[in-house]
Amino acid sequence: MPDPETDPISVRLSKLVELERIGIDPYPSSWGVTDLAADLLEAFQDDGPDIECRIAGRVVAIRRHGKTTFSHLADRSGRIQAYLRQDELGDSYDLVDHLDIGDFVGVAGHLFRTRTGEITVRVGEAALLAKALRPLPFGKLVESEDGDRTYHRVVDREFRYRQRYADLAVRPEARRVFERRSRIIRCLRNELERRGFLEVETPVLQPVYGGATARPFVTHHQTLGIPLYLRIADELYLKRCVVGGLERVYEVAKDFRNEGIDRFHSPEFTMLEFYQAYADYEDFMALAEELLVGLVGELTGGTEITYQGRTVDATPPWPRIGFLDALAERGVAIDDLSRSALAAEAKRHEVEISEQEREGKILEALFDHLVEPTLEGPVFVIDHPRATSPLAKAHSRDSRLVERFEAYLFGREWANAFSELNDPRDQRRRFEDQADLAATGDLEAPNVVDEDFLRALEYGMPPTAGMGIGIDRLVMFLTDQPSIRDVILFPALRPEDGRVTEGEDTDQPIVEDGVDL
RNA sequence: GGGCCUGUAACUCAAUCGGUAGAGUAUCGGCCUUUUAAGCCGAGAGUUGUGGGUUCGAGUCCCACCGGGCCCA
């Protein structure tokens, strides 16, 4: 049992109660900030005019010297020192007795430079804006060999992910990752807008899931009495937009896939998809190059990307290698793409496949094992076998292939694009093949043929190119973060209390009752 | 699903071969009217993730479970 006299939370709580007792609201409504720390530091001149200011922020340091106190306040722009004197503040100096690191305070006064040279607010008015009951996890002081003293911030990954609020409060580098994430998405939006793309919003809850091969999350709509699926992709809806004449559309979409979690996979993730009528995958390879090199230039001013100690140059044009050629280079026989031949190749290369996996899956398994890890990039893998790509248009020169590319960086796919299949007859055949897979127990295959999408295609879709960019991975590369959880603010984790809902976690989708709000 | 690693104070970490669980920061009390994540004096703080087992004795060894990480499938 922690001692209530010294337990940090108990102590802060009793300070809070004491404040209320003497008539100070520990959670007032507003303060009326007029200045930012960084602006004040910028504006101050030693022989310049007096600067009055009014700021607010979190207390990140307090140094008490009896009748005088120094403190640092941090706001979104940075931090600035405040200097409080009992002889100038009178009774309100008592606030200092009830102040802790982490509290939010407002301070008004004028700027001066201290004896030691730091630009500081000499405080004429101070107010508690919000009491923090829980101490922030500032870490241990460590001294390096050259005498530098730094504080360890929270290094425990679980702590960072579970309590991102505290992680952000304590690690500026965490804040920078998410600022940069925002900037990356904004840059992509700007570039697409500049090219005449229209941002649209399409259903997250879909009656038929499609646009990718993945296990979905299932939910249930009470009033309609039907199952609904959280989208695994928005592809088929964006193409419906193109059918309707929205010739250039994009969506920054949260997609959901009910699959494993690892360093590169999260059950919910962000995908940017965009579609352009009258373009093909060749056009989009050029676009992929421009988008990435533009982003890198915007963020770094250069063309190089360094990820976890590895550096690549994004300058176009990037090499292109045929999917099957890449396999052939690794010694895979590609003349015969029948299931039996492919299964034999998988066995020969010690790539495990299950009994029910068909041609497309086997090819992907071979590729993932033999080729993908070698693709340091940037590089395009192009012209995939038909069986791997049920939504891509048949290749104009080789009917075994489709017009598709995947862009790779550091051994990972970050973009996937193709000339979209717009022949409704061919699309129907491919859907029916998928439905056959589902019938044989492939949980990733769509459950039914999306008749509504076929109806849309029957109205006619112009030749169209489409691309999907995995935003989280791209942000990982451009912020040099090792795990997808480092670029998602609140990543999925097991429940902290260890309780797992009892129920059969079978391989069949579980239909759960939604809560009717 | 498999392998390896991991869980000790609020935070970061120690604890020799199985032998009294410690340190810095933070917290509390005291002094201090220009400090630099101040200084000095003093104090409190732990069911070592949970539950079993081995042992005279377990943070340490064994088993199960819970959480997390990395690698593989």
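Keep in mind that what you see is a predicted model, and the values were worked out from it rather than measured.

Basis of the calculations
Residues numbered from 1 in each chain as written. Chains lettered and ligands numbered in written order. Predicted model: local features only at pLDDT ≥ 70, side-chain atom pairs only at ≥ 80, totals over all residues. Heavy atoms only, no water. Helix = DSSP H or I, 4+ residues; strand = E, 2+ residues; numbered from the N terminus. Buried < 20%, exposed > 50% of the residue type's maximum accessible area, 1.4 Å probe, protein only. Contact = heavy atoms within 4.5 Å. Areas by Shrake-Rupley, 256 points an atom, 1.4 Å probe, with all protein chains shown as cover. Lys, Arg positive; Asp, Glu negative; His and termini not counted. Charge placed at Lys NZ, Arg CZ, Asp CG, Glu CD. Pairing = 2+ DSSP bridges. Domains from an automatic or database assignment. pLDDT = per-residue confidence, 0-100. Patch = residues over 30% accessible without salt bridge, like charges linked within 9 Å, V, L, I, M, F, W, Y side chains within 5 Å. Salt bridge = Lys/Arg side-chain N within 4 Å of Asp/Glu carboxyl O. Core = buried A, V, L, I, M, F, W, Y, C linked by side-chain atoms within 4.5 Å. Polar contact = N/O pair within 3.5 Å; in protein donor to acceptor, adjacent residues only side chain to side chain. Phe/Tyr/Trp six-rings, centres within 6.5 Å; stacked < 30°, edge-to-face > 60°. Lys NZ or Arg CZ within 6 Å of the ring centre and 35° of its normal. Axes fitted to C-alpha atoms, helices over the stretch in contact; angles between N-to-C directions. Expected span 1.5 Å × (residues − 1).

Caption draft 1: Main features of the overall build of chain A. Each helix and strand in chain A was counted, giving 14 helices and 20 strands. Taken over the C-alpha atoms alone, chain A extends approximately 90 × 55 × 50 Å along its principal axes. Across the 517 residues that make up chain A, the buried fraction comes to 46%. Sequence-distant contacts in chain A: of pairs separated by 6 or more residues, those separated by 24 or more amount to 63%. As displayed, chain A has an accessible area near 26700 Å², and 49% of this comes from carbon and sulfur atoms. Placing the 64 positive and 96 negative side-chain charges of chain A at their respective mean positions leaves the two points 3 Å apart.

Caption draft 2: How the structure looks around the pairing of strand 10 (residues 218-221). When strand 10 meets strand 11 (residues 226-230), the two strands line up antiparallel, connected through 4 bridges. Counterpart to His-221 in the pairing with strand 11 is Ile-226. Hairpin remark: strand 10 followed by strand 11, antiparallel, with 4 residues in the connecting loop; positive phi at Gly-225, about 65°.

Caption draft 3: Just the sheet that holds strand 11, in detail. Taken in spatial order, the 3 strands line up as 9-11-10 in an open sheet, and their pairing is antiparallel. The strands lining the two open edges of the sheet, one partner per strand, are strand 9 (205-206) and strand 10. In terms of strand pairing, strand 9 meets strand 11 through 2 bridges, oriented antiparallel. Following the sheet pairing, Leu-205 is matched in strand 11 by Leu-230.

Caption draft 4: Representation of the domain arrangement of chain A within the structure. The domains assigned to chain A are domain 1 (8-135) and domain 2 (174-330 + 371-516). Using C-alpha coordinates to define each centre, domain 1 is positioned 48 Å away from domain 2.

Caption draft 5: Just the confidence of the model for chain A, in detail. When pLDDT is averaged across chain A, the result is 87; 91% of the residues are at 70 or more. For chain A, strand 6 (residues 141-143) is the element with the lowest average pLDDT, namely 47, and strand 8 (residues 198-199) is the one with the highest, namely 98. Note on residues 141-150: pLDDT is under 50 here. Beyond four places in sequence and across chains, it has 10 contacts. Under a pLDDT of 50 for its full length, residues 498-517 has, in the predicted model, 15 contacts with residues more than four places off or in other chains. Reported confidences for the modelled complex are a pTM of 0.88 and an ipTM of 0.82.

Caption draft 6: Here's a closer look at a nonpolar patch on the surface. The grouping of Ile-9, Leu-13, Val-17, Tyr-27 and Leu-133 at the surface amounts to a nonpolar patch, some 400 Å² of accessible area in total. In this fold, Leu-13 is placed in helix 1 (residues 8-21). Using a relative accessible area of 41% as the deciding quantity, one classes Leu-13 as partly exposed.

Caption draft 7: Geometry of the nonpolar core. With 51 residues, the main nonpolar core has Phe-274, Phe-405, Trp-414, Met-467 and Ile-469 as its most contacted residues. It is helix 8 (residues 281-300) that provides the largest number of residues to this core, a total of 10 residues. In this structure, Ile-469 is in contact with Thr-270, Met-271, Leu-272, Phe-274, Leu-291, Trp-414, Ala-415 and Leu-474, ignoring residues within four places of it in sequence. Core analysis: the next-biggest nonpolar cluster, separate from the first, contains 25 residues, Ala-37, Val-105, Val-107 and Val-123 among them.

Caption draft 8: Structural detail: the side chain of His-98. You can see His-98 is positioned in the loop between helix 3 (86-89) and strand 4 (104-113). Note on His-98: relative accessible area 12%, which makes it buried. Here the side chain of His-98 touches Asp-94 through a polar contact of 3.3 Å, landing on its backbone oxygen. If we skip the residues at most four places from it in the chain, His-98 touches Lys-15, Glu-18, Leu-19, Ile-22, Asp-103 and Lys-131.

Caption draft 9: Expanded view of unusual backbone geometry. Between Pro-316 and Pro-317 the backbone carries a cis peptide bond, its omega angle lying at -5°. For Pro-317, the location among the structural elements is in the loop between strand 15 (310-313) and strand 16 (320-322). Within the chain, Gln-308 stands out as a residue other than glycine whose phi angle is a positive 50°. Within the element layout of this structure, Gln-308 appears in the loop between strand 14 (304-307) and strand 15.

Caption draft 10: Summary view of the packing of aromatic side chains. Under the definition given, this model contains 14 aromatic pairs. Taking 5.9 Å as the distance between ring centres and 85° as the angle between the ring planes, the aromatic pair formed by Phe-197 and Phe-274 counts as edge-to-face. In this pair, Phe-197 sits in the loop between helix 6 (172-194) and strand 8 while Phe-274 sits in strand 13 (residues 268-277), placing the two residues 77 residues apart along the sequence. Just as Phe-197 is buried, Phe-274 falls in that class too. Centre to centre, the rings of Tyr-307 and Phe-477 are 5.0 Å apart; their planes meet at 85°, and the pair counts as edge-to-face. Within this pair, whereas Tyr-307 is found in strand 14, its partner Phe-477 is found in helix 14 (residues 471-479), the two being separated by 170 residues in sequence. Through a chain of ring-to-ring contacts, three or more aromatic side chains come together here, namely Trp-318, Phe-380, Phe-405 and Trp-414. Against the face of Tyr-237 rests Arg-240, its NZ or CZ located 4.3 Å from the ring centre.

Caption draft 11: Layout of the sheet that holds strand 4. Spatial strand order, 1-2-3-5-4: 5 strands in a closed barrel with mixed pairing. Geometrically, the sheet is characterised by an average inter-axis angle of 55° between neighbouring strands, direction not taken into account.

Caption draft 12: The arrangement of the side chain of Lys-239 in detail. Within the secondary structure, Lys-239 is located in helix 7 (residues 235-243). Assessed through its relative accessible area of 0%, Lys-239 is described here as buried. Not counting residues up to four positions away in its chain, the partners in contact with Lys-239 are Tyr-275, Leu-391, Glu-420, Phe-453 and Met-461.

Caption draft 13: Molecular detail of helix 11 (residues 359-370). Under the 1.5 Å per step criterion, the end-to-end length of helix 11 is 16 Å for 12 residues, consistent within 8% with the ideal 16 Å. Of the positions making up helix 11, those classed as buried are Gly-360, Ile-362, Leu-363, Ala-365, Leu-366, Phe-367 and Leu-370. On its buried face, helix 11 sits against helix 9 (323-329), helix 10 (339-348), strand 17 (379-382) and strand 18 (404-409).

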